[in-house]
Amino acid sequence: MAVLAIVLLLAAAYLLGSIPTGYLVAKGVKGIDIRQHGSGGTGATNVLRTVGKGAAIAVLLIDLLKGLLAVLLVALVWPQVTALTALAALWQPWVAVGAGLLALVGHSKSVWINFTGGKSVASGLGVLIGLAWPVALGAAIAFGLALALSRIVSLSSIVAAIAASLLMVITGQPLPYAVLGALGALYVILRHRSNIDRLLAGTEPRLGQQSSDQGG
């Protein structure tokens with residue numbers, strides 16, 4: 001029964017992450033399929049340039065909340081899992097990490113929109129807030145500084161992901177959280193492969209400029 005409960009928690013985390021916020025907002029506000037505009041992503045960056053600032057803020061907050069709720073759900077349900085097995089205390093951090101990672105995958109590979117989505121940056125921040133808020137704060141500061149200096153969203157997202165991974169170690173977070181930081185950073189970086197190619201070529205647009213594939 002404990003294993004079943006964990007499987008259901010992980011499935012719920014994926015489904016939370018897979019809610020296609022940007023797609024739904026763009027449909028509701030402009031009647032468009034955002035995957036056919038801008039970068040084709042469903043994240044807040046593409047919503048910003050395709051739909052507008054208010055819609056982008058809403059998408060950013062909801063996507064962040066998806067990641068946060070995915071890990072908070074584990075904490076909420078865990079007392080019931082503890083009643084099923086004495087090993088539950090050892091499992092909880094790893095299950096929380098699994099839930100966080102599945103929320104990221106759900107955001108970028110949503111079952112509701114043919115396994116498309118965004119680049120998991122906002123949802124990743126939500127996961128960090130739920131697990132280790134000082135790391136989330138540090139990552140947010142790193143993002144803000146990088147954006148202020150470069151005006152490039154994709155570069156700032158990559159900097160924040162790397163900062164989160166390092167801060168997990170620097171602040172002495174538990175091993176499962178450090179693993180999450182490393183895997184989460186790798187996943188976000190891989191989701192930005194095309195952006196990295198343009199960064200290296202010097203063709204990645206800055207905030208406010210148009211692009212066929214900028215951000216999430």
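Predicted model only: the values in this text are computed from it and were never measured.

1. Quick look at the overall build of the protein chain
- A tally of regular secondary structure across the protein chain gives 10 helices and 0 strands.
- Seen in sequence order, the protein chain has helices and strands lined up from the N terminus as α-α-α-α-α-α-α-α-α-α.
- The C-alpha radius of gyration computed for the protein chain amounts to 17 Å, which stays within 12% of the reference 17 Å derived for 216 residues, consistent with globular compactness.
- Dimensions along the principal axes, computed over C-alpha positions, put the protein chain at roughly 55 × 40 × 25 Å.

2. What to know about the pattern of salt bridges
- Under the definition given, this model contains 3 salt bridges.
- D33 serves as the salt-bridge partner of R35, at 2.9 Å between the closest nitrogen and oxygen.
- For D33, a relative accessible area of 13% translates into the label buried.
- In this structure, the salt-bridge partner of E204 is R198, at a minimum N-O distance of 2.7 Å.
- Residue classification places R198 among the buried residues on the basis of a relative accessible area of 17%.

3. Quick word on the UniProt feature "transmembrane region" (unreviewed entry) in the protein chain
- The sites that carry the UniProt feature "transmembrane region" (unreviewed entry) are, in the present numbering, residues 55-77, 84-105, 125-145 and 152-169.
- Along residues 55-77 the backbone is 100% helical and 0% strand, and the end-to-end C-alpha distance reaches 32 Å.

4. Quick word on helix 8 (residues 153-170)
- For helix 8, which comprises 18 residues, the first-to-last C-alpha distance of 25 Å matches the rise-based estimate of 26 Å (1.5 Å per residue) to within 8%.
- Turning to helix 8, its buried residues are V153, S154, S156, S157, I158, A160, A161, A163, A164, S165 and M168.
- Residues of helix 8 that are buried make contact with helix 3 (44-50), helix 6 (121-131), helix 7 (133-150), helix 9 (175-191) and helix 10 (193-201).
- Positive phi shows up at G172, right after helix 8, with a value of about 70 degrees.

5. So, the side chain of N195
- Mapped onto the secondary structure, N195 falls in helix 10.
- Within the structure, N195 has its side chain in polar contact with the side chain of E204 (distance 2.9 Å).

6. Describing the environment of I162
- If you trace the backbone, I162 turns up in helix 8.
- By relative accessible area, which is 39% here, I162 ends up partly exposed.
- Residues I162 and A142, spaced 20 residues apart in sequence, show a C-alpha to C-alpha distance of 9.3 Å.

7. Notes on the confidence of the model for the protein chain
- Summary statistics for the protein chain give a mean pLDDT of 91 and a share of 95% for residues scoring 70 or more.
- Note on residues 211-215: pLDDT under 50 across the span, and 27 contacts to partners over four residues away in sequence or across chains.

8. Looking at the packing of helix 8 against helix 10
- Look at helix 8 against helix 10: their axes get within 10 Å of each other, and the N-to-C directions meet at 110 degrees. When the interaxial angle is binned, helix 8 and helix 10 end up roughly perpendicular. The crossing of helix 8 and helix 10 is left-handed. From helix 8, S154, L155 and I158 reach across to helix 10, where they touch N195, I196 and L199.
- Looking at the contact of helix 8 with helix 10, its residues break down into 4 nonpolar, 2 polar and no charged.

9. What to know about unusual backbone geometry
- For N114, which is not glycine, the phi torsion reads 60 degrees and is therefore positive.
- Looking at the element boundaries, N114 is found in the loop between helix 5 (88-108) and helix 6.
- With a relative accessible area of 63%, N114 lands in the exposed category.
- Not every positive phi belongs to a glycine, and R151 is a case in point at roughly 60 degrees.
- Residue placement: R151 occurs in the loop between helix 7 and helix 8.

Reading the values: the criteria
- Residues numbered from 1 in each chain as written.
- Predicted model: local features only at pLDDT ≥ 70, side-chain atom pairs only at ≥ 80, totals over all residues.
- Heavy atoms only, no water.
- Helix = DSSP H or I, 4+ residues; strand = E, 2+ residues; numbered from the N terminus.
- Rg over C-alpha atoms; globule rule 2.2 N^0.38 Å.
- Salt bridge = Lys/Arg side-chain N within 4 Å of Asp/Glu carboxyl O.
- Buried < 20%, exposed > 50% of the residue type's maximum accessible area, 1.4 Å probe, protein only.
- UniProt positions renumbered as here; feature names shortened; annotations may be inferred.
- Expected span 1.5 Å × (residues − 1).
- Contact = heavy atoms within 4.5 Å.
- Polar contact = N/O pair within 3.5 Å; in protein donor to acceptor, adjacent residues only side chain to side chain.
- pLDDT = per-residue confidence, 0-100.
- Axes fitted to C-alpha atoms, helices over the stretch in contact; angles between N-to-C directions.
- Parallel < 35°, antiparallel > 145°, perpendicular 65-115°, else oblique.
- Left-handed = near helix turned anticlockwise from the far one by under 90°.
- Nonpolar A, V, L, I, M, F, W, Y, C, P; charged D, E, K, R; others polar.

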